[in-house]
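Inside the fold
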Amino acid sequence: MKKVAYMVLVMLLGIVACWSVGKMSQTKKSATSAPKAVLTGKSHKANSVAQAKLDYQQYNYAKSLKSITNDNSTKAKSLKKEIEASQSNLVAWNDPDKYSHLFFHSLIVDPTRAFTSQKGQGYKDYMVTIGEFNKMLTQLYAKGYVLVNSERLVKKNDKGELVFDGVSLPKGKTPLVLSQDDVNYYEYMINSGFASKLVATKNGIKNEYIDANGKTSVGNYDLVPIVDEFIKAHPDFSYRGDKGTLAVTGYNGVLGYRTSVSQYGDTAKTKRETKKALKVVAALKADGWNFASHSWGHLNMKTSSVADVKLDTDRWEKEVQPVVGKTNILIFPFGADIGDWQGYQDNNEKFAYLRQKGFEIYENVDASHTSWGEMTTKYYRQARINVDGIRMTDDLNGTNSVLNPFFNTSEVIDSTNRNK
C-alpha cells in the first residue's frame, strides 16, 4: 500500500511540474509574440490622411471628410479645405443618354503572331494591341475621362422601380464606362499572341502569357492589369475605385479556366479549375471590376428563338453564375439587341424572360453616336462603341469619326504592324 501511495504521489508531483512548465512556456510565448511596435497616434493620422486623399482623388468626398473629421493636423486641415472647394464645383451627370461606353476585346501582346495567324484578319478587325491601348488610356485621361461602372448608374426605389442614379464630377471631368468582351481566353486564341488567362498574385491580378518560344511569364498582358496599373498611377481616372465590366461566356470556361461542365465534363480537373477561377473573381471584384453575362454560347439573341434564348440563359446561370456571381448586366453578343430603338415592349418574350432572370442593364453596340441610353422603370439600356481595327480604320478614312472625342486615332494606331 505504501508503495502504491508513493507512486501516486510521484505522478501528482509530475503533473504539477508539467503544468507549471506549460504555464511558464505559455507566458514566455505570449511575451515574445507580442507586437514589437505599436502604431502611434501620429502615424495613424498620417495613414488616415493618405486614405482620405485617395478617397478625395476618386471623388468620394463624404468618405474622405469622415476619415479626417477629428484630425486637426496641418495636412488634414489643408485637405478639408481642398475637398470643400471641390464639392462646390461639381457637375451632376443625371442624363442616362450622356454616358459614353467604350468596349474592347482581348488585347494583342504579339502583333506579329496575331496578324500572321490563321485568324489574322479577324484579329486586325476586332482587336487592338497593348501598345495602342496604352496610348488610348493616356489620351482618355488627358481629356478628363473618369471610369464609372454601369451598375452604379441605376438603383431601385421604394416601389421596386428602376431609377437612374448618376454621378457628380468636378467641372472638366466626364464619366466613361469601360468593358471588355469575351474575357474567356478561348481555345482558338492559343499560340496567337494573346494572354492565356488571368491569375491572382501577391502583386494583384495579372495575366499568364506564353511566348513564341513556349516560355511562360506572368505580367500585364491584357486590359485588366494594364488598367489597374494605370489607376495606381492616376487615381483620379477612377470613380470610387470603379474599373470596368468583364463580359464572359461559358462554353470554354471563364477567365482562361476550363470550368464548363457541359464542355469538359464534371471532373476533378473542372473542379480544380473552378476553384482557381473563384479566387481570381474574388480579387477582381475587390479591386473594382464587375461582371456581365455575354450569354453562355455567344448567342445572337436577336435572331435566335425564344426557346434558344431561354436554354442558353439557363446554362449560363447554371455554369457561369456560380463562378462569377449574380449580375444584372447583359451584354449582347454581336451587339445584337432583342429590341429596336422603340424599346422593349411587354409582349417581348425574350425581354420578359431575361428580366425574370434578374437582368436590368442591357448593352448593345452602336457607333453612330458618342453616347446613347434609355431609362425606364424596368430597365436601363446603353449603347457601346467598339474600339477595334474596324472602328479605327473608319476613323482614318473619314467614314466614322465617333472616336474623335476620346483619342486621336492617327496617334495611337500601330500602322507598322497592321500594314505588314
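Not measured: the values here are computed from a predicted model.

Glancing now at the overall build of the chain. The helix and strand inventory of the chain stands at 16 helices and 16 strands. For the chain, buried positions account for 49% of its 420 residues. Per element, the accessible surface of the chain, about 21400 Å² overall, is 53% carbon and sulfur.

On to the side chain of Asp312, then. Looking at the secondary structure, you find Asp312 in helix H11 (residues 306-319). As a buried residue without a salt bridge, Asp312 has its nearest oppositely charged side chain in Arg315, at a separation of 6.6 Å. For Asp312, the side chain forms a polar contact with the main-chain nitrogen of Trp296, separated by 2.9 Å. Ignoring sequence-local partners within four residues, the contact set of Asp312 consists of Ser295, Trp296, Gly297, Leu299 and Met301.

A word on H11. For H11, built from 14 residues, the straight-helix expectation of 20 Å at 1.5 Å per residue is met to within 8% by its first-to-last C-alpha distance of 20 Å. For H11, the complete set of buried residues consists of Val309, Asp312, Thr313, Trp316 and Glu319. Along H11, the residues classed as buried sweep out an arc of 145 degrees about the axis, all on the same side. In this structure, H11 carries Ala307, Leu311 and Lys318 as exposed residues pointing more than 90 degrees from its buried face. Of the surrounding elements, those touching the buried residues of H11 are strand E11 (244-248), helix H9 (261-264), strand E12 (289-293), helix H12 (321-324) and helix H13 (349-356).

This paragraph deals with unusual backbone geometry. Peptide bonds are, in most cases, trans, and in most cases residues other than glycine have a negative phi. The phi dihedral of Asn191 falls on the positive side, at around 65 degrees, and the residue is not glycine. With a phi angle near 60 degrees, Leu255 is a residue other than glycine that sits in the positive phi range. Looking at the element boundaries, Leu255 is found in the loop between E11 and H9. Residue classification places Leu255 among the buried residues on the basis of a relative accessible area of 0%.

Time to look at the sheet that holds strand E8 (residues 197-201). Taken together, the 3 strands give an open sheet; going across it, the order is E8-E9-E10, and neighbouring strands pair in antiparallel fashion. At either end of the open sheet lies a strand with only one pairing partner, and these are E8 and strand E10 (216-219). Averaged over all adjacent pairs, the angle separating strand axes in this sheet is 35 degrees, with direction ignored. Note: strand E9 (residues 204-210) against E10, 4 bridges, orientation antiparallel. Directly across from Asn207, in E10, lies its bridge partner Gly219. Where helix H8 (residues 223-233) meets the sheet, it contacts E8, E9 and E10, and its direction lies at approximately 140 degrees from that of E9. Against the sheet, helix H10 (residues 268-286) engages E8 and E9, with an angle of about 75 degrees to E8.

Two elements in contact, H11 and H13, have axes whose closest approach is 9 Å; the angle formed by their N-to-C orientations is 15 degrees. If you check the angle between H11 and H13, you find them roughly parallel. The crossing of H11 and H13 is right-handed. Touching Val306, Val309, Lys310, Thr313 and Asp314 of H11 are Glu349, Lys350, Tyr353 and Leu354, all from H13.

In an α-helix, one turn spans 3.6 residues, which is why side chains three or four residues apart end up on the same side. Compared with the 18 Å implied by 1.5 Å per residue over 13 residues, the 19 Å span of helix H7 (residues 130-142) between its first and last C-alpha is a close match. Listing the buried residues of H7 in full gives Ile130, Glu132, Phe133, Met136, Leu137, Gln139 and Leu140. One or two steps after H7, the chain reaches Gly144, where phi turns positive at roughly 90 degrees.

What follows concerns the pairing of E12. The buried fraction of E12 amounts to 5 of the 5 residues, a majority that puts the element mostly inside the structure. Residue alternation in E12 divides its side chains into two sets, Trp289, Phe291 and Ser293 and Asn290 and Ala292, and both sets are buried.

Conventions we followed
- Residue numbers restart at each chain and count upward from 1, following the sequence in its written direction.
- Local features in this predicted model are restricted to residues whose pLDDT is 70 or higher, and side-chain atom pairs enter the listing and the counts only when it is 80 or higher, whereas totals over whole chains, interfaces and linings include all residues.
- Side-chain measures were taken over the full set of non-hydrogen atoms in the model, leaving aside hydrogen atoms and water.
- Runs of E in the DSSP output that reach at least two residues are strands. Runs of H or I that reach at least four are helices, and both are numbered from the N terminus.
- Each residue is placed in one exposure class: buried if its accessible area under a 1.4 Å probe, protein chains only, is under 20% of its type's maximum, exposed if it is over 50%, and partly exposed if it falls in between.
- Using a 1.4 Å probe, the Shrake-Rupley method yields the accessible areas, and only the shown protein chains count as cover for residues.
- Positive charge is attributed to Lys and Arg, negative charge to Asp and Glu, and no charge count is given to His or to the chain ends.
- Salt bridge criterion: a side-chain nitrogen from Lys or Arg within 4 Å of a carboxyl oxygen from Asp or Glu.
- Polar contacts, as used here, are pairs of N or O atoms within 3.5 Å; protein pairs need one atom able to donate a hydrogen and one able to accept it. Residues neighboring in sequence count only if both atoms are side-chain atoms.
- The contact definition used throughout considers only heavy atoms, calling two residues in contact when any of these lie within 4.5 Å.
- Take the number of residues in a helix, subtract one, and multiply by 1.5 Å to get its expected span.
- Note that the arc is defined by the directions from the helix axis to the C-beta atoms.
- At least two DSSP bridges between two strands are needed for those strands to be called paired.
- Structural elements are reduced to axes, namely lines fitted to C-alpha atoms, with helices fitted over the stretch in contact, and the angle between N-to-C directions of any two is expressed from 0 to 180 degrees.
- Note that the term roughly parallel is reserved for angles under 35 degrees, roughly antiparallel for angles over 145, roughly perpendicular for angles of 65 to 115, and oblique for everything else.
- Two helices that cross are described as forming a left-handed crossing if the nearer one is turned anticlockwise from the farther one by less than a right angle, and a right-handed crossing if clockwise.

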